[in-house]
Amino acid sequence: MGNTPAAPASEIPDGVRSRRKNIVDELLATEKTYLEGLTATRDVYMIPLKTSDLIDPTTHKQLFSNMETLINLHETFVKDLSALITTWDDSTCLGPVFSPLAGLFVSVYSQYANGYGDQLAVLKRLGEDKQWNIFVEKAVAVPICKRRQISDFLITPIQRLPRYVLLLTDLVKSTPDTHPDHQNLAVALSKMRDVATSVNKKQKEMEDRQILLEIDSDVSDKLEPFLRPGRSLLERVEIQHQKPKPKAKVKDSTLLLFNDSIVMCAPQRKISLKSEKLRFKWKASMMGSTVSKCTDQPNCFDFSWADSAPEPAVTPELSSSTITTSRSPEPDAKPPPKTTPVKPDGNPDAKKPKPEARPASKSPDPKPTKNADAKAPKKPEKADKKPDAKALADKKKAEAEAQRKKEEEEKRKREEEKRKREEEEKRRREEEEKRRREEEEKRRRAEEEHRRQEEERKRLEEEKARRAALSSSSATTASLSSSALRSSSASPAITIKSVHEVRFVAASPEAATHLVELIQNAQAEVFRKQQARELAIQKVHAKEEEPNCLLM
């Protein structure tokens, strides 16, 4: 029985044995480096910013998410891994160390990945703050940072997961099937693949979100923001277009292919003062549009779509809310009216007391005569006190100079306080204006979301009514093609205004074929989702009708 643990060692070839040990050493070395980066993030950025006035607690939570939990998890992992490798041999099992932590990896890294998009948004907003940039410059100069920015540290948990998958994959390959650690490593690898897939999906969503935000900032005159849940950009193409008429003028344009719609933009006018590079022209949904390759011109394809009129119940609410939010607030306080100064009664006579006061102030005229008479015999003493009068004059002059300097200093302090008050008032007004804009943006988004929900609710009600009409006439459900949708989804709320057609001129026949296939694949995906949505609605209706059937 004492020789059984050594059995797997004899079955492991020398090359596999050394490779397995090298993988474990690499895992420990990279894990220590990774933990050093997490610790540097905590010591250089997270802890100082928690007690700083640069960011508020909410922003601090968004920026660092569950970083402290990550550090605690990997400190435990490094400690257990180091203790295991010190006594490493061919029969040593890594699974008992890795498997218990694999479940924690899934929850902790999923939480971090969910907040990574907020981290990017916070960093972008803080990048416009001068004080923040000064803080980052000082932090980068700290030796443990090794000239790395905070964004470099925050992305390391996202980049670490694929590294675990690679190392565990190599370790499973280097461990024989008969080794007791093989099954544990396979389970740990499966869990790490799951969490890596989940995190990669979240990262893809964040990248799509960032791309849509950049497009929002590049396009002017758009009817609504391009950022929308579930939307992603398939391709952005610089292309030419023309009307499907003989000798039609060819114009430059930019085609934005999303997974649910197509948007065409034109270059910004040269005389425009807008900062955006593109100008919105039109938008078409993938559902209800058609695309076809031109037979006469191999590098061209035709695209047509139906333009639907918006629901009349939504437009007034949106316009009124837009007018309300865009109206500038009236000033709270009006400037006080100018008041003419009221002159006191007897204004010419009011100046007369001044000459009357002069003899009163010069009432001690008799005194000098008395003093002169008393001091007449003491003229030599008067001559002796002349230097004292000069010193007194110098003293008065020095006091006047000190008083002048004191007044200048007080004036300078008053001006400095006034300047500080003006700066504080200006900063307060800017903060209020920023807060007001944020509140308006939040209100606008809430109204937009409410409008979309109302549109979706009305669409579902119209779909339910249409299905009820089809079932009463015993008609079979028609297939969801673009033409069938246009004919069957007509309702009093949504009416077809016109059908638009445009011809796109690609750079080459291959580019035209690629774009046509891309649009057709997107249309097929939208069609599939629409079918799944309608099937779900049918199941809901069937469940609602089951109690009625039982009662019958």
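Here the residue numbering is sequential within each chain, running from 1 through the sequence in written order. Local features in this predicted model are restricted to residues of pLDDT 70 or higher, and side-chain atom pairs are both shown and tallied only at a pLDDT of 80 or more, whereas totals for entire chains, interfaces and linings draw on every residue. With hydrogens and water set aside, each side-chain value is computed from the structure's full complement of heavy atoms.

**Considerations on the overall build of the protein chain**
Within the protein chain, the secondary structure is distributed over 18 helices and 8 strands. Roughly 36,500 Å² of accessible area belongs to the protein chain as shown, and the carbon and sulfur atoms make up 55% of that amount. Under the scheme used here, helices are H or I runs from DSSP no shorter than 4 residues and strands are E runs no shorter than 2 residues, and both carry numbers assigned from the N terminus. Note on areas: these come from Shrake-Rupley sampling with a 1.4 Å probe, and a residue is covered only by the protein chains present in the view.

**Side note on the packing of helix α5 (residues 95–114) against helix α10 (residues 182–218)**
What describes two packed helices is the angle between their axes and the distance between those same axes. Helix axes use the C-alpha atoms of the stretch in contact, all axes being lines fitted to C-alpha atoms, and the angles between their N-to-C directions lie in the range 0 to 180 degrees. Contact geometry of α5 with α10 gives a least axis separation of 9 Å together with a crossing angle of 5 degrees. As far as their axial angle goes, α10 and α5 are roughly parallel. Contact with α5, carried on its side by Gly-95, Pro-96, Phe-98, Ser-99, Ala-102, Gly-103, Phe-105, Val-106, Tyr-109, Ser-110, Ala-113 and Asn-114, involves Asn-184, Leu-185, Ala-188, Lys-191, Met-192, Val-195, Ser-198, Val-199 and Lys-202 of α10 and no other residues of that element. Grouping the amino acids of the contact of α5 with α10 by side-chain chemistry returns 12 nonpolar, 7 polar and 2 charged. For this classification, under 35 degrees means roughly parallel, over 145 means roughly antiparallel, 65 to 115 means roughly perpendicular, and everything else is oblique. Whether two residues are in contact is decided by their heavy atoms: any pair within 4.5 Å suffices. Throughout this entry, Asp, Glu, Lys and Arg are counted as charged residues, while Ala, Val, Leu, Ile, Met, Phe, Trp, Tyr, Cys and Pro are counted as nonpolar. The remaining residues, Gly among them, count as polar.

**Considerations on the layout of surface pockets**
Buriedness of a pocket was judged along seven lines, with at least five required to meet protein on both sides within 12 Å; pockets are open sets of points on a 1 Å grid over the protein atoms alone, cavities are sets where a 1.4 Å probe fits but cannot get out, and lining residues have an atom within 4 Å of a point. Grid points are joined across faces, edges and corners, and a volume is the space filled by probe spheres set on the points. By volume, the second largest pocket amounts to about 380 Å³. Around the second largest pocket, the lining comprises 18 residues; the ones closest to its centre are His-241, Lys-243, Lys-251, Met-264 and Lys-281. Elements supplying a minimum of two residues to the lining of the second largest pocket: β2 (233–242), β3 (251–258), β4 (261–267), β5 (278–285) and β8 (496–505).

**Structural notes on the nonpolar core**
Nine residue types can take part in a nonpolar core, namely buried Ala, Val, Leu, Ile, Met, Phe, Trp, Tyr and Cys, and a core is a set of them joined through side-chain atoms within 4.5 Å. Between buried and exposed lies partly exposed: a residue is buried under 20% and exposed over 50% of the maximum accessible area for its type, with that area taken using a 1.4 Å probe on protein chains only. Counting 62 residues, the largest nonpolar core has Tyr-45, Leu-63, Phe-64, Trp-132, Tyr-164 and Met-192 as its most contacted members. Not counting chain neighbours up to four residues away, the residues in contact with Tyr-45 comprise Ala-40, Phe-64, Phe-135, Val-136, Ala-139, Val-140, Cys-145, Arg-148, Gln-149, Ile-150 and Phe-153.

**Some words on the side chain of Arg-503**
Structurally, Arg-503 is set in strand β8. Looking at Arg-503, its side chain comes within polar contact range of the side chain of Asp-302, at 2.7 Å. For Arg-503, the contacting residues outside a window of four places in its chain are Gln-240, His-241, Gln-242, Cys-294, Asp-296, Gln-297, Cys-300, Phe-301 and Asp-302. Two N or O atoms form a polar contact when they lie within 3.5 Å of each other; inside protein one atom must be a possible hydrogen donor and the other a possible acceptor, and for residues adjacent in sequence the pair counts only when both atoms belong to side chains.

**Side note on the confidence of the model for the protein chain**
On a scale of 0 to 100, pLDDT captures the predictor's confidence in every residue. For the protein chain, per-residue confidence averages 76 on the pLDDT scale, and residues scoring 70 or more make up 74% of the total. This model gives residues 309–335 a pLDDT under 50, and the stretch forms 18 contacts once residues within four places in sequence are excluded.

**Details of the pattern of salt bridges**
Should a side-chain nitrogen of Lys or Arg be within 4 Å of a carboxyl oxygen of Asp or Glu, the pair is scored as a salt bridge. Tallied over the full model, the rule gives 28 salt bridges. Notably, a salt bridge pairs Arg-404 with Glu-408, separated by 2.5 Å at the nearest N-O pair. Pair noted here: Arg-404 and Glu-408 are both in helix α16 (residues 386–472), with a separation of 4 residues, about one helical turn. The exposure class of Arg-404 is partly exposed, given its relative accessible area of 35%. The exposure class assigned to Glu-408 is partly exposed, which follows from its relative accessible area of 44%. The shortest N-O distance in the salt bridge between Arg-444 and Glu-441 comes to 2.6 Å. Pair noted here: Arg-444 and Glu-441 are both in helix α16, with a separation of 3 residues, about one helical turn.

**So, the packing of aromatic side chains**
Aromatic rings from Phe, Tyr and Trp, taking only the six-membered ring of Trp, are treated as a pair when their centres fall within 6.5 Å; an angle between ring planes under 30 degrees marks them as stacked, one over 60 as edge-to-face, and anything in between as tilted. Scanning the model with the defined rule gives 12 aromatic pairs in all. Geometrically, the ring pair formed by Tyr-45 and Phe-135 is edge-to-face, given 6.2 Å between the ring centres and 75 degrees between the ring planes. Remark: Phe-135 occurs in helix α7 (residues 130–140) and Tyr-45 occurs in helix α2 (residues 14–50); sequence separation between them is 90 residues. Classification of Tyr-45 by relative accessible area gives buried; the value is 0%. Of the residues examined, Phe-135 reaches a relative accessible area of 18% and is grouped as buried. Here Tyr-45 and Phe-153 contribute two aromatic rings whose centre-to-centre distance is 6.2 Å and whose plane-to-plane angle is 55 degrees, an arrangement assigned as tilted.

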